[in-house]
Amino acid sequence: SALLSWEAAALGDADLPDPSAAKGLTWLARSLRFLQLVLQDVSSGGPPATSAAGAERCKEAMWRAYEAVFARYHGWLARSMFMGSAKAAPGYEQLLRLLAPAAGGAVREGLVLREMEQ
């Protein structure tokens, strides 16, 4: 935020140039916030009853995080592209395998959920 303030003060009322360090860091912070919200949402509520429910939970978590973080900055095209890509999101079990590939079965879920809580 100090970099953003400095760039804004240096440029006056002009928009920040693209690319700029401040814009890059702003989008990085938004992306990290998006991932945090997705993981928090997915990890809440315990394991889903079915793999279909797990896939739906991941998609809904992505959509809620998108609405909270990115939606206000995107127009119709970017929003539509996100909706399309969210359909290809991994389900709950696949996400756990991606986050802890070396752990197995029930150990994997416990490990991932403990790490998310920290």
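One structure accompanies this document, and this report is about it. (Residues numbered from 1 in each chain as written. Predicted model: local features only at pLDDT ≥ 70, side-chain atom pairs only at ≥ 80, totals over all residues. Heavy atoms only, no water.)

1. What to know about the nonpolar core
So, step 1. Grouped together as the largest cluster of nonpolar side chains are 22 residues, with contacts concentrated most on Phe34, Val38, Val42, Met62, Tyr66, Phe82 and Tyr92.
So, step 2. Sorting the residues of this core by element identifies α2 (21–43), α3 (51–69), α4 (76–86), α5 (92–99) and α6 (105–117) as the ones contributing at least two each.
So, step 3. Sorting elements by how many residues they give to this core places α3 first, with six residues.
So, step 4. Once residues within four sequence positions are removed from consideration, methionine 62 is found in contact with Phe34, Val38, Phe82, Ala86 and Ala89. (Core = buried A, V, L, I, M, F, W, Y, C linked by side-chain atoms within 4.5 Å. Buried < 20%, exposed > 50% of the residue type's maximum accessible area, 1.4 Å probe, protein only. Helix = DSSP H or I, 4+ residues; strand = E, 2+ residues; numbered from the N terminus. Contact = heavy atoms within 4.5 Å.)

2. Describing α3
So, step 1. In a regular helix each residue adds 1.5 Å, so 19 residues correspond to 27 Å; α3 covers 27 Å between its end C-alpha atoms and thus fits that length.
So, step 2. Residues of α3 that are buried: Gly54, Arg57, Cys58, Ala61, Met62, Ala65, Tyr66 and Val69. Seen along its axis, α3 keeps its buried residues to an arc of 165°; they face one direction.
So, step 3. In this structure, the buried side of α3 is in contact with α2, α4 and α5. (Expected span 1.5 Å × (residues − 1). Arc of directions from axis to C-beta.)

Honestly, it's all geometry; don't read function into it.
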